Amino acid sequence: MIKAILIFNNHGKPRLSKFYEHYNEDTEQQIIRETFHLVSKRDENVCNFLEGGLLIGGSDYKLIYRHYATLYFVFCVDSSESELGILDLIQVFVETLDKCFENVCELDLIFHVDKVHHILAEMVMGGMVLETNMNEIITQVDAQNKMEKSEAGIAGAPARAVSAVKNMNLPEMPKNINIGDISIKVPNLPSFK
Amino acid sequence: MFDKNLQDLVRGIRNHKEDEAKYISTCIDEIKQELKQDNIAVKANAVCKLTYLQMLGYDVSWAAFNIVEVMSSSKFTYKRIGYLAASQCFHESTDVIMLTTNQIRKDLSSPNQYDTGVALTGLSCFVTPDLARDLANDIMTLMSHTKPYIRKKAVLIMYKVFLKYPESLRPAFPRLKEKLEDPDPGVQSAAVNVICELARRNPKNYLSLAPLFFKLMTSSTNNWVLIKIIKLFGALTPLEPRLGKKLIEPLTNLIHSTSAMSLLYECVNTVIAVLISLSSGMPNHSASIQLCVQKLRILIEDSDQNLKYLGLLAMSKILKTHPKSVQSHKDLILQCLDDKDESIRLRALDLLYGMVSKKNLMEIVKKLMLHVDKAEGTTYRDELLTKIIDICSQSNYQYITNFEWYISILVELTRLEGTRHGHLIASQMLDVAIRVKAIREFAVAQMATLLDNAHLLTGNTQRNGICEVLYAAAWICGEFSEHLENPMQTLEAMLRPKVATLPGHIQAVYVQNAAKLFATVLKGQEGTTDGTAAQDASQLFIDRLPLFVQSANLEVQERASCILQLVKYIQKLQQKDVEVAEEVSALFAGELNPVAPKAQKKVPVPEGLDLDAWINEPPSESESEDEQPKAIFAKEEPKHSRPRHTEVDEKELARRREARKQEQANNPFYIKASPSSQKVYQDGPGVEHIPVVQIDLNVPLKVPGLPMSDQYVKLEEERRQKERAEKKKKDKKKRKEKRSGRGKKQYSGPESEEDITPAHMVDIVTEEMPENALPSDDDERDPSDPHKALDIDLDKPLADNEKLPVRSHRAAEAQKSPTDGETENATMQEPKKKGSKEKRGKKKDKDRDRKKSKEEKKKKKHKHEDKEEDLLGGQAEEPVLQSEETSQVAAPSTSTTAEVSDLDFWLSNAPVPSNTQEAATVAAAPEPSVTAPDSEPEEPKDTGMEEMKSSKHKKKKQKKEKEEKEKKKKKHHHHHRHSDGGGEESVQNGTVEEEEPLPPMSNYCLLAENSYIKMVYDIQGNLQDGSQVVVSVIFENKCNSFLKSMEFNVLDSLNSKLQRPEGSGPHDGLVVPFQLPPGVSNEARFVFTVQSIVMPQKLKGTLTFIVKNEDDSTHEKLDFKLHFTCTSYLITTPCYSDAFAKLLESGDLQSGSVRLEGVNMPFHHLLARICFHHHFSVVERIDSCASMYSRSIQAHHVCLLVKTSGQTVSIDAKCDEPTLLGNVLDEIKQTFSQC
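Residues numbered from 1 in each chain as written. Chains lettered and ligands numbered in written order. Predicted model: local features only at pLDDT ≥ 70, side-chain atom pairs only at ≥ 80, totals over all residues. Heavy atoms only, no water.

**With respect to the interface of chain B and chain A**
Contacts between the two partners involve 71 residues from chain B, matched on the other side by 71 residues from chain A. For the chain B and chain A pair, buried surface summed over both sides reaches about 6500 Å², with 54% attributable to carbon and sulfur atoms. If you sort the residues of chain B by the area they bury against chain A, Met55(B), Arg80(B) and Trp224(B) come out on top, with a joint share of 13%. Connecting chain B to chain A are 9 salt bridges. Residue Glu148(A) pairs with Arg80(B) through a salt bridge whose shortest N-O separation is 2.7 Å. Applying the counting criterion to the chain B and chain A interface returns 34 residue pairs in polar contact (both at pLDDT 80 or more). (Contact = heavy atoms within 4.5 Å. Buried area = accessible area lost by both parts, 1.4 Å probe. Salt bridge = Lys/Arg side-chain N within 4 Å of Asp/Glu carboxyl O. Polar contact = N/O pair within 3.5 Å; in protein donor to acceptor, adjacent residues only side chain to side chain.)

See below:
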């Protein structure tokens, strides 16, 4: 079982948090902080497994993470999951994001956290791995987006125009954002499939 | 329209870095306004923003109702936003959840698969017990949805439903099991996932699924599924070692053939689990261990830190049972200790435990001590500390040759600041000082130094666990004070005012042991004329103790005031020049020996003693004053204290006293008055293992200041050298006496008595736990663990009170398998009763009843209810129900044992017709003994497959046999024989029939064979898809070379086509997903699509493969003809007699018949053969006449009426497809013509 999936950046800012067990908001924030603390002090070329923190899990749980440019992807899993399998799943997740957002970067996650959630929902459900085949995931996500578009139809057009105008009015937008490309090609990836 | 959307919110927050909180609070106000509007689009937008704020840590539960509103929008866009918000912030105590039940149900049954999907995803995050109960049945229906996308989600969510509503597990389980063979890999994977998760918590309930998983393991190519299954097997093997034996081979094959590291690693892990479960040394498994260790070494040596980590992790599992194989890789593991990665160092530390020997212990510990000095984080340092102690103390200090060294190590460890493990060090100090007599003098000296420098340890008492060692130091100094060089100095150290800042329990020990020291001081002064030292000591006490008398700690206070009064009295006597030393020391006479923590529990109950029985007849029991225990007893139990009891006469009392003494003398744990009686236990095992160092007088015993362990490393080396020299001189016996003086009490008479207790300890440590104290799951489990509720026997047939609450009628579904049928019935019989609290309560009661009672009576009662409900429900579409009544009476009692013995059968090594013979010949074999040549399972793998098959068929057959309930008992006998027999007799492979065992049968028949490879195959219809059949082919490598790159190809006909993966051409071969080492066989499955199934058909095909020898490799090919018989399109389907009758009456069927002459076999054998080879099931059997039924994958009904008289068998048949019928009959005839 996967207990939680967290994405945060190099400064510990949460970009996505998905808990498959209920915690109240404060505990969730503490967990994110603790996890960030544990993960961020590790060197780049050490192993990607970490005995779980105190707040989440316990001895049976492990943190499995990958670090891509500015973002950490952390999965908290118990012993029923294969460590290398989860690493691979993270890779699939990121590659899927890359496909869906076309060269994904931290900004995409910042502004479209809902979409990230929807993509994740096609991969992991209630803490269990639902689908690992990237094509299948993308097919389902696309089909749902298409539905959303068709529903928006004419009614949605003005709203889209408004948001286009808003974006135009903000030329400074990229200024205060650290954009780092999420490099997708990770060496030493254990062959899984 | 100009409201802020999510992007605007995010942007806004980013632009208000300084006053983020303020900005967000204004945003929340805006959101509240938006939520008040009627426009659902505005609401959805607001909810979307709330979801984001929730991630930032804001409580949004106040908007729960609005979230529900958005969830119930008819537009997918908003619905999705609503469900996402709900999944992020709803939980069990969210009260609006109960409003969602109907909405979710509506979404689940929506024609749009994505509405359903979104609802399922959301529900998986916030399902509550109520939702689970109300929706379980809807979700179960979705498990058979036409879209795999929904099926897989429905299957996965069932796990959550089970957790919240455990009653749903049993009714849903058959369908879940069925999904293991779903044609869609995603659904299959989901089902495996759920069952693995369930089985991980309660493995024993899922043992019966082992054959099915075994089949999946050998046929699946999905690594995710394989990993899950292999992990599951790892959990199952400890429960069933025979399973392990079966697994070794296929797992080894996988290890050899897979390129995926993750799979390789899990295989190695499970092989290790198997080896652990089989640890009773199977010699031929050393190869497997070697293979594992070898592969792990490769992982550890890999530059990828992840593989290194996992390699070490797995290695530590091997270490427990096969330390030798790990030890050879010591170099590698020591190397990992220096790794920069802390996780890897920790794993390497775990392994060190098994690496040490007498020779290298000091060296390794020295290395660890260096790490301790360097370690920055306290966690890692604490870990190091515990590891050092673990390593040194393991198996009774087996590897320690010099205890002075060890004591100095312990003392050095006390210098660690802020460690949590002070008590650990303390207990080690105590243990060593008490058990290793020779070291006491040295230990006392060291402890005295520690006490003297106590201020170094107690810098920060509050958070410093290290002061615990003072507890040990004080006790050792007090207890063994006769070894103290300067007792006065130590006494002074122990009574310093600063001591009062120590924790209470330590102060108490200080005070008590100060008194012991006092006794020693007095004794030391006795001989001398000068009594000032003794008087100084008394004065010291009188000055310092009042501080402790004021202690807030009761223990300290009590001890201090006692001792203070005592010392005051002694001082008076001293002033009168009275000799008191003798009497004061008498207070502390005798040795305090350690008692094992569990000693009391371990006292065996003497034979013939019933602890629950009355000692005397209750009315005649007397309350005698001189029997102290009895008096206590009587006080506790007031009803016995009535003075009406008769007095027990003196003789009787004397006799009892005698008896009690006898018993005490026989009781090893009773503390006896005379030391002689202890001799009984002196030769407990393990005593010799405690090496005791004879202290070499060349070693300076007193080291000034704190000791340096390094010194001892050097000294020890010298000592060893010297010893080696001595060894040559001295005869063996003497040396032994010297080295293990304490252990070998027979050589050292006077010492022996004190040695007993530690020896005792040893005895207890290695003692086995009593039977009922075996570590059971319950002990370890947290009572609040939700999985505890899922510990449910799944093999028991379903009782009708276990049905899931159903809301409405459901269309009758065709029965697919007997178990499934039961579920189906169960769900359908339940009339609408959802939501009714009363009923629920009643149901629970019934549940409870069911658990308690297993009497047939009860079941019959249920049967009646069943029938009534059925009538109420008026679901006449399912005529099966009535007839079930009769059949089920017999079923419940047998099916559990049937399942178990099926598994037994599968697991036992009983020979089964292996595919080395053509199936036809096997079928023709009239005597079981013919199988003798097959009984050496050279290819356990093959037999595995075979057994699996036959057991599967057998299961079906048993189901049918249950209907013939009159044979129930006999069958039972057979089962027992199967499970007891243990393996070798060939009778066992006979299927479970009454009267006499059946000859072995196999459906695998030869496909093609040459000098390299042999292929046998079997064809089975696919239940889910009417146009698919699955061909299972077992490839067996017959030569001594490696076979690889096998490609399987057939020439498609118009009617039948091999299913190839997308993107490959119509003439491409399929790659067989494994390689074959010499002598190994493996099974692969190929799916064919067929259009018409009424005619048998042959397909030509080729297998190409590469034969790889050591130096060359050749391309080979083998042609074959795949024969699709009509039988292979039939699927064993149970049918009840009334349904059968209706079918015959319907008049839609056309008839045919066949006569078989000269059939010389019992009728039940004949039926079994038809069942087995042609996939029929017996509907009813009356004497020498039986009706049978089967169904084709395209839903043709085939009905047979089989009659026998003498050697003639006539079969009348009816079927809705005459061509099919004709062909099936021909095939049946063919089968029997070979007999």
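Past the structure itself, the notes keep going.
**Considerations on the pattern of salt bridges**
For the structure on display, the rule yields 42 salt bridges over all chains. With its nearest N and O atoms 3.7 Å apart, the salt bridge here joins Glu122(A) to Lys153(B). Within this pair, whereas Glu122(A) is found in helix 4 (residues 113–123), its partner Lys153(B) is found in helix 9 (residues 148–164), the two belonging to separate chains. Owing to a relative accessible area of 5%, Glu122(A) belongs among the buried residues under this scheme. With relative accessibility at 1%, the residue Lys153(B) sits in the buried group. (Helix = DSSP H or I, 4+ residues; strand = E, 2+ residues; numbered from the N terminus. Buried < 20%, exposed > 50% of the residue type's maximum accessible area, 1.4 Å probe, protein only.)

**Regarding empty space enclosed by the protein**
Considering only enclosed or pocket space, the largest cavity measures out at about 220 Å³ in volume. Along its surface, the largest cavity is lined by 23 residues, and His117(A), His118(A), Ala121(A), Leu84(B) and Thr121(B) are the ones closest to its centre. Of all the secondary structure elements, the ones that give two or more residues to the lining of the largest cavity are helix 4 and strand 6 (124–125) of chain A together with helix 5 (76–89), helix 7 (113–126) and helix 9 of chain B. For the lining of the largest cavity, the element with the highest residue contribution is helix 7 of chain B, accounting for 6 residues. For the lining of the largest cavity, a count of residues per class yields 10 nonpolar, 9 polar and 4 charged. (1 Å grid on protein atoms, 1.4 Å probe; cavity = no way out; pocket = protein on both sides within 12 Å on 5 of 7 lines; lining within 4 Å. Points joined across faces, edges and corners; volume = space filled by probe spheres on them. Nonpolar A, V, L, I, M, F, W, Y, C, P; charged D, E, K, R; others polar.)

**Points about the environment of Gln113(B)**
Residues and elements named next belong to chain B. In this fold, Gln-113 is placed in helix 7. As a C-alpha pair, Gln-113 and His-145 span 32 residues in sequence and 9.9 Å in three-dimensional space. Setting aside residues no more than four positions away along its own chain, Gln-113 makes contact with Lys-147, Tyr-149 and Ile-150.

**Considerations on the environment of Ala199(B)**
Locating Ala199(B) in the fold gives a position in helix 11 (residues 185–201). On a C-alpha basis, the gap between Ala199(B) and Leu232(B) in space is 7.2 Å, while along the polypeptide they are 33 residues apart.

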